[in-house]
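# Coordinate inspection notes
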Amino acid sequence: MKEKKSDDKKQEKEDKTPEQILSESKEEMKKAVEKFEEEIRKIRTGRAHPSLLDGIRVFAYDSEVPLNQLAIISVVSPSELTIEPYDPNIKTAIEKAILQSGRDLIPSSEGKIIRIKIPPLTQETRENLIKLVRKKAEEFKVSIRNIRDKARKEIKDIKGKISEDKMRKINDEIQKIADEHIKKIDSITQAKEKEIMG
């Protein structure tokens, strides 16, 4: 029975057209770039921005809810955010979620509002953040190269069904798509570094 399952998988792989392989790789690379952007947005830059709170989930109403669905998040100055919960009863839960997010953000309560002061970055912190951004960029570039290599292998597996010329063209196209996505990562990285250096 197990054998049949792996045969089915093999058959499924063989049934893929070069165009499908190309399209799937492009989609995977696009998702990798989006994930990289998401990760990079979470890195603070010394400037207040609502994206600093992206991905924070609050335990409220018996489940985990994204913070931005529970409150109005505003930038009141370059170094301060305010959070105004729709329901004042969950204010403590929001503060707890921010403190546990590991983002070095300290909420302070003021009536119905939660304030977050963004401390200015020291030169050393800026340099460490840039190292972190570059490290993440490299990890995601490796991920894109792995997607490229997987696609090339899949193309190689069906080479009997396509001409050498078409195989070369598809491989060139895969490389071109990978290069485009790596360039996107580079430009996101440069923009973030500029932001960090202020």
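Predicted model only: the values in this text are computed from it and were never measured.

## Structural notes on the overall build of the protein
Each helix and strand in the protein was counted, giving five helices and six strands. Ordered by position from N to C terminus, the α and β elements of the protein give α-α-β-β-β-β-α-β-β-α-α. Here the C-alpha radius of gyration of the protein, 23 Å, is well above what a compact globule of 198 residues would show, namely 16 Å. For the protein, the spread of C-alpha atoms along the principal axes amounts to about 70 × 45 × 25 Å. By the burial criterion, 38% of the 198 residues in the protein qualify as buried. In the protein, of all internal contacts separated by at least 6 residues, the share reaching a separation of at least 24 is 66%. Of the roughly 12,600 Å² of accessible surface on the protein, 50% is carried by carbon and sulfur atoms. Considering the protein, the positive charge centre built from 44 side chains and the negative charge centre built from 39 side chains are found 2 Å apart.

## Considerations on the pattern of salt bridges
Counting across every chain of the model gives 21 salt bridges. The partner of Glu154 in a salt bridge is Lys16, and the shortest N-O contact between them spans 3.5 Å. Within this pair, whereas Glu154 is found in helix α4 (residues 123–157), its partner Lys16 is found in the loop between α1 (2–15) and α2 (18–41), the two being separated by 138 residues in sequence. The class of Glu154 is buried, set by a relative accessible area of 10%.

## Digging into the sheet that holds strand β3 (residues 71–77)
Pairing is antiparallel across the open sheet formed by four strands, whose spatial order is β3-β4-β6-β5. Pairing within the sheet leaves two strands with one partner each, and these edge strands are β3 and β5 (107–110). Recorded for the sheet is a direction-independent mean angle of 25° between the axes of neighbouring strands. Pairing analysis gives four bridges linking strand β4 (residues 80–85) to strand β6 (residues 113–117), with the strands arranged antiparallel. By the bridge assignment for β6, Leu81 is matched with Ile116.

## Regarding unusual backbone geometry
Of note, the phi angle at Tyr61 is positive, near 55°, even though the residue is not glycine. One can find Tyr61 in the loop between β1 (57–60) and β2 (63–66). Although it is not a glycine, Asp62 sits at a positive phi angle of roughly 65°. Within the element layout of this structure, Asp62 appears in the loop between β1 and β2. Judged by relative accessible area, which is 72%, Asp62 ranks as exposed.

The rules behind these values
Residues numbered from 1 in each chain as written. Predicted model: local features only at pLDDT ≥ 70, side-chain atom pairs only at ≥ 80, totals over all residues. Heavy atoms only, no water. Helix = DSSP H or I, 4+ residues; strand = E, 2+ residues; numbered from the N terminus. Rg over C-alpha atoms; globule rule 2.2 N^0.38 Å. Buried < 20%, exposed > 50% of the residue type's maximum accessible area, 1.4 Å probe, protein only. Contact = heavy atoms within 4.5 Å. Areas by Shrake-Rupley, 256 points an atom, 1.4 Å probe, with all protein chains shown as cover. Lys, Arg positive; Asp, Glu negative; His and termini not counted. Charge placed at Lys NZ, Arg CZ, Asp CG, Glu CD. Salt bridge = Lys/Arg side-chain N within 4 Å of Asp/Glu carboxyl O. Pairing = 2+ DSSP bridges. Axes fitted to C-alpha atoms, helices over the stretch in contact; angles between N-to-C directions.

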